[in-house]
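# Coordinates in review
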Amino acid sequence: MFSCFKGKQKEVFRDDDYTEKHHPLAGYVSSSATGGPVDTTQRLAALRGVISDSKVDYYVVPSSDAHGSEYVAKKDRRQEYISGFTGESSMAIVSQQEAALFVDGRYHVSAGKEIDQNWTLHKVGLEGVPTWTAYLQALPEGTRIGLDATLFGISELQALRKDLSKTGSELVFLDENLVDKIWQDRPGSSKEPLIVHAKYAGDDSTSKLAKVREIIDERKSDAYIVHELSEIAWLLNLRGMDIPFSPVFEAYLLVTRGDTSLFVDRDKIKDDVMTYLEDLKIQVKPYEEVWQSLKDLRDGDKACILSNTASFAIYQAVGEDKAIAVKSPVELLKSIKNENEIQGMKSAYLRDAAAWAQWMAWMEKKMGKGYGPGFTEWEAAEQLTAYRSRQPLFAGLAYENISATGANAALPHYSTGKDTAASISKQAVYLNDSGAQYLDGTIDTTRTYHFGKPKPEHKRAYTRVLQGHIHASEAKFPDGTTGAAIDALARAPLWKDGYNFLHGTGHGIGHYLSVHEGPQRIAGFSTEPLREGQFVSIEPGYYEEGAFGIRIESIYLVKKVHTRRGFGGDDKWLGFERITQIPIDTRLVDWKLLSKEEVRWLREHNRACAKAVLPFLSTKDDRPARKWLEKYF
């Protein structure tokens, strides 16, 4: 949905309509909304009743949905409903006597604040704390463990089933999700209509589906079941609004040698989309019918390709002896952008940079006035969203704003709440990590600022992070190089001073799709080569717990480059082209630490950004933003 603001650019914060449509937890009462833990006593009692009725001893509730989505629709936030915990990548296990929540290091602090006295928190990663699978393996012999197989991946349940067989315990795959049975007033499914996105896609859906059939032939298979929502949206050149921040729709896509079937809620298919699908010879079937169609394949002795990230339920429906589980070829196809997608992303980042300049002019005016108490992280984030929403082709946020000052900036996954946001201070480092969705591109940007006099340690850490960003972005490398090599380049300047960061240096990004996409990554564990035409972030950081955090993130296009020698004859050499057009703040720079080449890079970077964005700021109201940019010349 579009949300437009017209007229003079005054201070504008989000209205209730915007929040309802775009906030991931809109309309849902959680601990973050109430300022304290939700009382889960009655919910657990109800769940324990149906656990007993189902003749299982333990029930496992993940934070995921059936499609492995990064963000989860309100109706699928089962773990949050039963535990009160709002984070991701976590696991809840409930029995008649116990309620255990397992979280990784990102959520050790926040989970402790969100769950009530009914729950035991397991801080995975600390010495002596078991993982959720190790916890289950330690249960008494003969324990029956219930779960919903649509919410778990193939490999994790294969491994767990094997390990439990050694202890005499077993997994019980229940036909109905037990949390759904007791969830009163569970939100319904989205009824937002699908939209045709072919205008911005570049490649038509017919050619994309033809590539899927080539994969079917190569694998000597009969069908391909696609479960990942961004892959379905990309293949069909359709978009939706079923998942927060991601313009996708809940569906499955089954491609055989002769037919293509889309399993989706028919109420979301309007006449124009139905005509579009009919022209593509795609059959539209009810969402729930996918299971019968997969079983029909199995019963017909047909082999079916599926991604190794698909749910265990799909694996079972296809037939474990007929399933060909592979690293998704569609994910790789989607990651390599065509010229239309590349130009769309470049245009989107220019418009978004104009909004950022308007916002920074507003921020500096506020800080110059000593706005102080009452001017919060939340208000700063909302104002940036307001400026973005005025840009052409705006279609919501790409992820929840991270607007963090002082010690909050040391939390990479900090969530900026309206009622809990801190006031922005001239004495503290301020970090903003945020992005918008535009019809022609997905934005992901991080910049770090200081509005007063930074401490020497702030400047040193910031400068080392900046150097890491420069070194990675300047890399030239032979075709076939993985993200692990670039990751080391980004860390080397930080390592020199004993700094480090515990997240990856970069991730792929979609074209009006998911803000995080694969298979490309810049991380120490990455084994995937970077390929020409992929977009990737470069975002080194440093986080001083309880004090400050720094991150500098821009998006780059992997492209072919020329080298003086070109070792390897005709082999390609690759490098990066920056598409983010926002200047990097210089107030935190310790210039003595920079080489002449690094100083030149920073000044040229900022001048190029300012020059590119100024034409997008042409009105009288844009004068403050122009002035903010012009200081970088």
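Summarised in this report is the structure supplied together with it.

Thresholds, definitions, all that
- Residues numbered from 1 in each chain as written.
- Predicted model: local features only at pLDDT ≥ 70, side-chain atom pairs only at ≥ 80, totals over all residues.
- Heavy atoms only, no water.
- Pairing = 2+ DSSP bridges.
- Helix = DSSP H or I, 4+ residues; strand = E, 2+ residues; numbered from the N terminus.
- Axes fitted to C-alpha atoms, helices over the stretch in contact; angles between N-to-C directions.
- Contact = heavy atoms within 4.5 Å.
- Polar contact = N/O pair within 3.5 Å; in protein donor to acceptor, adjacent residues only side chain to side chain.
- Core = buried A, V, L, I, M, F, W, Y, C linked by side-chain atoms within 4.5 Å.
- Buried < 20%, exposed > 50% of the residue type's maximum accessible area, 1.4 Å probe, protein only.

The subject of this paragraph is the sheet that holds strand β14 (residues 323-326). The six strands are arranged β12-β11-β10-β8-β13-β14 in an open sheet whose pairing can be described as mixed. Of all strands in the sheet, those bounded by a partner on one side alone are β12 (282-285) and β14. Along the sheet, successive strands turn relative to each other by an average axial angle of 20°, direction set aside. Against the sheet, helix α10 (residues 205-218) touches β8 (223-226), β10 (251-256), β11 (260-264), β12 and β13 (304-307), its axis set at about 60° to β10.

What follows concerns the environment of Arg161. In this fold, Arg161 is placed in helix α7 (residues 154-165). Residue contacts for Arg161: discarding those within four places in its chain leaves Leu171, Phe312 and Glu320. At 3.3 Å, the side chain of Arg161 forms a polar contact with the side chain of Glu320.

Counting residues in each nonpolar core, the largest one holds 52 residues, and the members touching the most others are Ile232, Phe249, Leu253, Leu262 and Leu277. Look past the residues within four positions of Leu277 in its chain and what remains in contact with it is Leu238, Leu262, Ile269, Ile282 and Val284. Leu147, Phe152, Ile154 and Leu254 belong to the second largest nonpolar core, which has 40 residues in total.

Here we come to the side chain of His450. Residue position: His450 is located in strand β20 (residues 445-450). Of the residues examined, His450 reaches a relative accessible area of 0% and is grouped as buried. Separated by 3.4 Å, the side chain of His450 and the backbone oxygen of Lys426 make a polar contact. Reaching out from His450, the side chain makes a polar contact with the backbone oxygen of Gln427 at a distance of 3.4 Å. Residues contacting His450, with those up to four places away along its chain left out, are Lys426, Gln427, Ala428, Val429, His458, Asp585, Arg587 and Leu588.

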